[in-house]
Amino acid sequence: MEKEMIAMLLAGGQGSRLYALTDKLAKPAVPFGGKYRIIDFPLSNCVNSGIDTVGILTQYQPLVLNEYIGNGQPWDLDRLYGGVHVLPPYQKASGSDWYKGTANAICQNISFIDRYNPKYVIILSGDQICKQDYSEMLAFHKAKHAEFSVAVMEVPWEEASRFGLMVADENDKITEFQEKPKNPKSNLASMGIYIFNWDILKKYLLEDEEDPNSENDFGNNIIPNLLRDNRDMYAYHFSGYWKDVGTISSLWEANMEVLDPENSGIDLFDENWKIYSRNSGYPGHHIAAGASVIDSMITDGCNVYGTVNHSILFGGVTVESGAYVEDAVIMNNTVIKSGAKVCHCIVAEGAVIESNAVVGAMPDGQTDGVATIASGVTVGAGATVGPNAMVREDVKEGQNHE
Amino acid sequence: MSNSNISAMGLIFPNSYDKMVPELVLQRLMASIPFASRYRLIDFILSSMVNSGIDNITILVKKNYHSLMDHLGSGREWDLTRKNGGLTIMPPFADRESTHVYADRVEALAGILPFLREQKEEYAIISDCNMIANIDFKPILAKHVESGADVTMMYSSKLISDYDLQREPERGEFYYTLEVDGDKVEDIKVNSKAPGINQVSMNMYIIKRTKLISLIEEGYVRGKVYFERDILLDKLDELDIRGYEYTGYTALISNVKTYFSESMALLDEKNAKALFGDNNIYTKIRDDNPTRYTKDSKVSNVTAADGCVIEGHVENSILFRGVKIGKGAVVKNCILMQDTVVEAGANMEYVIADKDVLVTSGANVHGSDIFPMLIPKRKTV
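From a predicted model like this one, the values you see are computed outputs, not experimental measurements. (Residues numbered from 1 in each chain as written. Chains lettered and ligands numbered in written order. Predicted model: local features only at pLDDT ≥ 70, side-chain atom pairs only at ≥ 80, totals over all residues. Heavy atoms only, no water.)

Here's the deal with the overall build of chain A
- On a plain count of helices and strands, chain A comes out with 9 helices and 30 strands.
- Compactness check: chain A gives a C-alpha radius of gyration of 22 Å against a globular reference of 21 Å for 402 residues, within 12% of the reference.
- When the backbone C-alpha atoms are referred to their principal axes, chain A occupies close to 65 × 50 × 40 Å.
- Counting only residues that meet the buried cut, chain A has 58% of its 402 residues in that class.
- Just so you have it, chain A exposes about 15,900 Å², and 45% of that area is on carbon and sulfur atoms. (Helix = DSSP H or I, 4+ residues; strand = E, 2+ residues; numbered from the N terminus. Rg over C-alpha atoms; globule rule 2.2 N^0.38 Å. Buried < 20%, exposed > 50% of the residue type's maximum accessible area, 1.4 Å probe, protein only. Areas by Shrake-Rupley, 256 points an atom, 1.4 Å probe, with all protein chains shown as cover.)

Laid out in structure tokens, this is it:
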């Protein structure tokens, strides 16, 4: 039996620009938006787009991610035929290796894809916050009789040189690819989402493997090779909300945008395009008498006695009475004790901010840096953590960590 | 996890005491009454059993059970999708020629005797759904086995309310209180008129499966109806019946008033912690996003589930999943069930709004603490 299209989700990246947040977990497993992890977005998009077979390519710190994905049931991806499969690098009779690049990761799993004999393969990345209907992109791909399609976003011309750019003609046919060029000829940035005809992709993957000089990367090798051979390549325009959350500041920003769906365009309240996630199992959250909560998102298991303003609390967070939280992203089970001030920062899971500690840039301050507290860290009573701090180890009582 | 080898199956009666809460069971049964912002009553006994290592659970439904079937699905959320055992829903086995549906437990159990005989578990735990608790059955089961009793009746020391003193036995409205000496049940009182703290039966029993089968076989042919009144009480001298005092947190739903007061009691964090403790209560997942509080929201002493949007003023209230409260609306001392919408400027106090209720802009709806107003499912005010 064959599947029309299956998805391969690149989730092996270390996410080194998220620093302390990805010390112990892969980037796609980073919590987002109160009750999600980043990977919930591409997975939910798949299932909402009618794709029921997803291979997740993992490599870096896969433990949390593997456990989170489990059998795929939260995304309705526990299927008899297909469903979600976590694909780590594995040992073969000869030539075992880690995934050398994005293309190599797919290449090492050709036999997985062949089992489903798909006509098309969509390549997704696990570090983007985006709601996208991949079936519309597939319809475009078919209508153009394309062999390769890439989703592109128009970006402001002055920022274009930060992206991989597709130069396309009036029929959206791609004529040139520029990787972070000094003089951009286009403002169509690649979103890193590709649809290939499987026979074409397979051919180019195998050829690329033979090339000892190749980095085995889609952007640097596969796409340039397709262009060299004048393949039918098209740019699919996407105009919805899309955010690469690969840095601390972009991750913080994207979380803040969740609080402002009317203006930012990321709407998690869309009944027709739900984002699924694994459930915490906590009871409903409680806002105590004397607490103040405005302009915030709060989920199951939270207990708020203090003040929460323009912030996101993940499951099981406690904000004690007299604590003050503003412009902050507070991940699961973190405790913020009385009198602590926690502002303009990301606090990862299971951290403890002891009483009267001060974390991050205060609202009246000049800096816009985002302080980051790693998971499990304790910030001692009365300690201070500066606006741009990256805290990986406990901060002792009364200490100052810039 | 359990390291004991004692095996038990669960038998749950979801319709018991339906008659006591007519307003809440118009389109459902006791077991599927929403409770504590994101649960249904049955979640508590089901999760208790599952957390105690019981994975063969049968629900003997009687009527109005569509909402319950929808809630339970395959039982996956309670980890009850199993090859062996798991969740079994037993619809009533109607007589061949009439539409007669059984009156109570004895007949219901008689209807599933062949099924009961086929099971492998040595013990059965029987329960209703209106006693809310987060119970670890393992020590209770161990005590039952150790004692050598025929039946262990669980009880909780509770105040008998004025309302409970007025039940109508002719309508099958019974509650049972125990007289216990040591752990021996000396007497079972039916609808005791003794006010104050009583040893109130939780209607949870542990019994050997084969013993249950023989009691039901014998009772059924003699026309017995009520397991407690007609069998346990009747055989008090013959059977070794022990009491087990459960001292954990309990909430007993016996009418709309107690539904309201037991719900509100959980706004007190001491009570909420005592009930939820460390063992998860599982429920059907809806995949709502987190609850959003806007710039205009003002909240105090509120428990809320996910999926709500709060733009108004909410105080001393419980909000279920997907409740929307508009700008300038004032909600005090209310229980708003799933997807209730309170439009801007509406004013509500002491109201229980059932699922999908719409309170339109500017409406004023007031009940009182002794008589909360109940708005039925899908109504517009």
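Next, the rest of the story.
Section: the interface of chain B and chain A
- Facing the 32 residues of chain B at the interface are 37 residues of chain A.
- In this assembly, chain B packs against chain A so that about 2,800 Å² is buried in total across both faces, 44% of it on carbon and sulfur atoms.
- Three residues, Asp287, Arg292 and Tyr293 of chain B, lead the burial of chain B against chain A; their summed loss comes to 24% of the area buried on that side.
- Summed over the shared surface of chain B and chain A, the result is 5 salt bridges.
- Between Glu262 of chain A and Arg292 of chain B there is a salt bridge, with the nearest N and O atoms lying 3.1 Å from each other.
- Linking chain B with chain A are 27 residue pairs in polar contact (both at pLDDT 80 or more). (Contact = heavy atoms within 4.5 Å. Buried area = accessible area lost by both parts, 1.4 Å probe. Salt bridge = Lys/Arg side-chain N within 4 Å of Asp/Glu carboxyl O. Polar contact = N/O pair within 3.5 Å; in protein donor to acceptor, adjacent residues only side chain to side chain.)

Considerations on unusual backbone geometry
- Here the phi dihedral of Gln61 of chain A falls at roughly 35°; this positive angle occurs in a residue that is not glycine.
- Using a relative accessible area of 33% as the deciding quantity, one classes Gln61 of chain A as partly exposed.
- The phi dihedral of Ser37 of chain B is positive, around 70°, even though this residue is not glycine.
- Here Ser37 of chain B lies in the loop between strand E2 (34-35) and strand E3 (39-40).
- Accessibility expressed as a relative area gives 0% for Ser37 of chain B, which makes it buried.

Examining helix H9 (residues 269-276) of chain B
Residue and element names in this part refer to chain B.
- Listing the buried residues of H9 in full gives Asn271, Leu275 and Phe276. On an axial view of H9, the arc spanned by its buried residues comes to 115°, and they lie on one face. Summarising the geometry of H9, the exposed residues directed more than 90 degrees from the buried face are Lys270 and Lys273.
- Where H9 is buried, its residues contact E3, helix H1 (41-51), strand E7 (131-132) and helix H8 (256-265).
- Between a side-chain oxygen at the N-terminus of H9 and the backbone nitrogen of Lys270 the separation is 3.0 Å; the capping residue is Asp268. (Arc of directions from axis to C-beta.)

Structural notes on the domain arrangement of chain B
All names here are of chain B.
- Here chain B is described as being made up of domain 1 (8-276) and domain 2 (292-375).
- Taking only C-alpha atoms into account, the centre of domain 1 sits 32 Å from that of domain 2.
- Each partner contributes to the interface: domain 1 provides 17 residues, whereas domain 2 provides 24 residues.
- Buried surface at the junction of domain 1 and domain 2, summed over both partners, amounts to about 1,600 Å²; 67% is from carbon and sulfur atoms.
- If you look at where domain 1 meets domain 2, you find 1 salt bridge.
- One salt bridge in this structure joins Asp354 and Arg28, with 2.6 Å as the shortest N-O distance.
- Between domain 1 and domain 2 we count 2 residue pairs in polar contact (both at pLDDT 80 or more) in total.
- Among the elements of the structure, E2, E3 and H8 are those that each provide at least two residues to the side of domain 1 that touches domain 2. (Domains from an automatic or database assignment.)

Looking at helix H6 (residues 198-210) of chain A
All names here are of chain A.
- The end-to-end C-alpha distance of H6 is 19 Å, a good match for the 18 Å that 13 residues give at a rise of 1.5 Å each.
- For H6, the set of buried residues is Trp198, Ile200, Leu201, Tyr204, Leu205 and Asp208. Projected down its long axis, H6 carries its buried residues within an arc of 155°, all on one side. More than 90 degrees from the buried face of H6, the exposed residues found are Asp199 and Glu210. (Expected span 1.5 Å × (residues − 1).)

Looking at the packing of aromatic side chains
- All chains considered together, the criterion is met by 21 aromatic pairs over all chains.
- A centroid spacing of 5.6 Å and a plane angle of 80° characterise the contact between Phe32 of chain A and Phe41 of chain A, whose relative ring orientation is edge-to-face.
- Summarising the aromatic geometry, the rings of Tyr81 of chain A and Tyr116 of chain A are spaced 5.3 Å apart at their centres and angled 55° between planes, so their arrangement reads as tilted. Placement of Tyr81 of chain A in the loop between helix H2 (63-69) and strand E5 (83-87) and of Tyr116 of chain A in helix H4 (residues 110-116) is noted, with a sequence separation of 35 residues between them.
- Judged by its relative accessible area of 28%, Tyr81 of chain A is partly exposed.
- Note on Tyr116 of chain A: relative accessible area 2%, which makes it buried.
- Note that Arg105 of chain B overlies the ring of Phe13 of chain B, its terminal NZ or CZ placed 4.8 Å from the centroid. (Phe/Tyr/Trp six-rings, centres within 6.5 Å; stacked < 30°, edge-to-face > 60°. Lys NZ or Arg CZ within 6 Å of the ring centre and 35° of its normal.)

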